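Here are the chains, one letter per residue:
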Amino acid sequence: KAHCTATYRIYDDRADFASKAEGIAVGMTVGSWTELPEAQKADMAKHLGQVLSVVPVESDIPGERYADITIAYPDVNYSRDLPALLVTMFGKLSMDGRIRLMDIEWSDAFKQAFPGPKFGLDGVRKLVDVHDRPLLMSIFKSVIGYDLPALAEQFRQQALGGVHIIKDDEILFENPLTPIERRVKACIETADAVSEQTGRKLLYAVNLTGPTFKLRDQALRAIEAGANAFLFNVLAYGFDVLHALSSDPDISVPIAAHPAMAGSMYPSPHHGIAAQLLLGKLMRLAGADLVLFPSPYGSVTMPAEDTFAIRDALTRQDMALQRSFPVPSAGIHPGIVPLIIRDFGTDVIVNAGGGIHGHPLGTAAGGRAFVQAIDAVMQGKTLESCAADQEELRAAIQAWGVKQ
Ligand SMILES: CCCC(=O)/C(O)=C/OP(=O)(O)O
Ligand SMILES: [Mg+2]
């Protein structure tokens, strides 16, 4: 019997976790079992949820006694889409006390509906022709109220700094000053001019926004105008919209998933969805080529073990899906680069907004400081030793220090 499984962490000071698990398995599938007439049981058996394991953890901290329970849900109960699966596994149940969805394992049958990332980590590397080292991405800061010339100039300064990808900030939406097609055209023309000068390839992840039913047309028009990547606020729309965009053959550019809204779902130990599932497995299954998430050491942080679990979920090789690029973000400056490479390796995107535009010598110098920091780590040297004869890195270290 093909089924997908969900693992929950249930907190309860007194509950009999085994009967609680049984209640979920029945309640979230056939509704009731023992009261069913024998004749009906035969028909309903194929729909019945099954408790696979109950692992109680006794805690001497009041209110922290919990059990991890795993339940199998028959594929026959839901359609092959994430809204159906998530509502089955954690719809009403998500509101039923202190319970947290920790993990999902998909059946092969269910996964067949999900091609996953169209480009993935390896495909994005090919697009920018950069291998065996971290990529560098910059973020427009600030963007609201800028007209096209000002935006194009900010783009140019970022491009001159040596970044591989430039992304819109997630708060830039359709607006009269820089509508998407004209914004794409202006930035891609600028990118081409700088690439002509530097020989470096450049992606511009323009923010794909607007009403859900217009997103596909919006994306096709942007691609027509020259868009070569998208930024997308997945959680404001839902994983199914990401899946629709990423699996659409006509949307032939990589998609960077922004974690906006994730803080309403992952932080609580007693509720919501574990970060590695929300920003790792589900983003990758739904087809994100790059996934942004708070780093352990920036301005908006996430516990290190959670960021590593996201990294592993995005890059583990036992999923028949392309890997997604991990992008630990928020408050990143050149002094943090050694930690990022230590913790995430070289299959990572170093991503910064303020750490580029806030550089004492300006935006382009900010990019160069990051390039110099990455070079230093890749050569096995300390930032300080390289800063002696690299003005941009030296200025960045003076401004923000080197994070230990
Ligand atoms: C986790 C998302 C980070 C983000 O959206 C963003 O704009 C970061 O900007 P900086 O913190 O690097 O200035
Ligand atoms: Mg942002």
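What counts and how
- Residues numbered from 1 in each chain as written.
- Chains lettered and ligands numbered in written order.
- Predicted model: local features only at pLDDT ≥ 70, side-chain atom pairs only at ≥ 80, totals over all residues.
- Heavy atoms only, no water.
- Near = heavy atom within 4 Å.
- Polar contact = N/O pair within 3.5 Å; in protein donor to acceptor, adjacent residues only side chain to side chain.
- Areas by Shrake-Rupley, 256 points an atom, 1.4 Å probe, with all protein chains shown as cover.
- Buried < 20%, exposed > 50% of the residue type's maximum accessible area, 1.4 Å probe, protein only.
- Helix = DSSP H or I, 4+ residues; strand = E, 2+ residues; numbered from the N terminus.
- Pairing = 2+ DSSP bridges.
- Right-handed = clockwise from strand over helix to strand, strands pointing away.
- Contact = heavy atoms within 4.5 Å.
- Axes fitted to C-alpha atoms, helices over the stretch in contact; angles between N-to-C directions.
- Salt bridge = Lys/Arg side-chain N within 4 Å of Asp/Glu carboxyl O.

### Overview of the site of ligand 1
And step 1. Around ligand 1 sit Ile139, Lys141, Asp169, Glu170, His258, Pro259, Ser329, Ala330, Gly331, Ala352, Gly353 and Gly354, and those are all the residues in its vicinity.
And step 2. Between ligand 1 and lysine 141 there is a distance of 2.7 Å, counted from an oxygen atom to a side-chain nitrogen or oxygen.
And step 3. The separation between an oxygen atom of ligand 1 and a polar main-chain atom of glycine 353 is 2.8 Å.
And step 4. Summarising the interface, the protein chains cover 85% of the accessible area of ligand 1, which totals 380 Å² for the free molecule.

### Brief notes about the pairing of strand E10 (residues 290–294)
And step 1. Burial analysis of E10 places five of its five residues in the buried class, which makes it a mostly covered element.
And step 2. A two-sided burial pattern is seen for E10, the buried positions comprising Leu290, Leu292 and Pro294 on one face and Val291 and Phe293 on the other.
And step 3. Here two bridges tie strand E9 (residues 255–257) to E10, and the two strands are oriented parallel to one another. Bridge pairing in E10 links alanine 257 to valine 291.
And step 4. Handedness of the E10-helix H12 (residues 304–315)-strand E11 (residues 325–329) crossover: right-handed.

### Examining the side chain of glutamate 392
And step 1. Looking at the secondary structure, you find glutamate 392 in helix H17 (residues 391–400).
And step 2. Take glutamate 392: its relative accessible area is 14%, and that puts it in the buried class.
And step 3. When sequence neighbours within four positions are dropped, the list of residues in contact with glutamate 392 reads His359, Leu361, Ala365, Arg368, Ala369 and Gln372.

### Observations concerning the side chain of aspartate 168
And step 1. Position of aspartate 168 among the secondary structure elements: in the loop between strand E6 (165–167) and helix H7 (180–198).
And step 2. At 2.8 Å, the side chain of aspartate 168 forms a polar contact with the side chain of arginine 183.
And step 3. Once residues within four sequence positions are removed from consideration, aspartate 168 is found in contact with Ile139, Phe140, Arg183, Tyr204, Ala205, Val206, Asn207 and Leu231.

### Quick look at the sheet that holds strand E12 (residues 349–352)
And step 1. Taken in spatial order, the eight strands line up as E11-E10-E9-E8-E7-E6-E5-E12 in an open sheet, and their pairing is parallel. In the strand order of this sheet, the two ends are held by E11 and E12, each with one partner. On average, adjacent strands in this sheet sit at an angle of 25° to one another, irrespective of strand direction.
And step 2. Sheet analysis places strand E7 (residues 203–207) next to strand E8 (residues 229–232), joined by three bridges and oriented parallel. The residue of E8 that forms the bridge with alanine 205 is alanine 229.
And step 3. The sheet contacts of H12 involve E10 and E11, and relative to E10 the element is tilted by about 175°.

### With respect to the pattern of salt bridges
And step 1. Throughout the structure, instances matching the rule amount to 24 salt bridges.
And step 2. A salt bridge links glutamate 38 to lysine 41, with the shortest nitrogen-to-oxygen separation between them at 3.2 Å. Of this pair, glutamate 38 and lysine 41 both sit in helix H2 (residues 38–44), three residues apart, which is roughly one turn of that helix.
And step 3. On the accessibility criterion, glutamate 38 (59% relative accessible area) is exposed.
And step 4. For lysine 41, a relative accessible area of 16% corresponds to the buried category.

### Here we look at unusual backbone geometry
And step 1. Across the junction of lysine 141 and serine 142, the peptide omega takes the value -10°, indicating a cis bond.
And step 2. Among the secondary structure elements, serine 142 is positioned in the loop between strand E5 (135–139) and helix H6 (148–160).
And step 3. In this structure, aspartate 129 takes a positive phi of about 55° despite not being glycine.
And step 4. Along the chain, aspartate 129 falls in the loop between helix H5 (120–128) and E5.
And step 5. The phi dihedral of methionine 261 falls on the positive side, at around 85°, and the residue is not glycine.
And step 6. Turning to its location among the elements, methionine 261 is positioned in the loop between E9 and helix H11 (275–285).

### Concerning helix H1 (residues 17–27)
And step 1. For H1, every residue scored as buried is listed here: Phe17, Ala21, Ile24, Ala25 and Val26.
And step 2. Tucked inside the fold, the buried residues of H1 contact strand E1 (3–11), strand E2 (50–57), strand E3 (66–74) and strand E4 (99–105).
And step 3. With a side-chain oxygen positioned 3.0 Å from the backbone nitrogen of alanine 18, the residue opening H1 is aspartate 16.

Everything listed is a geometric property; what it means functionally is a separate question.
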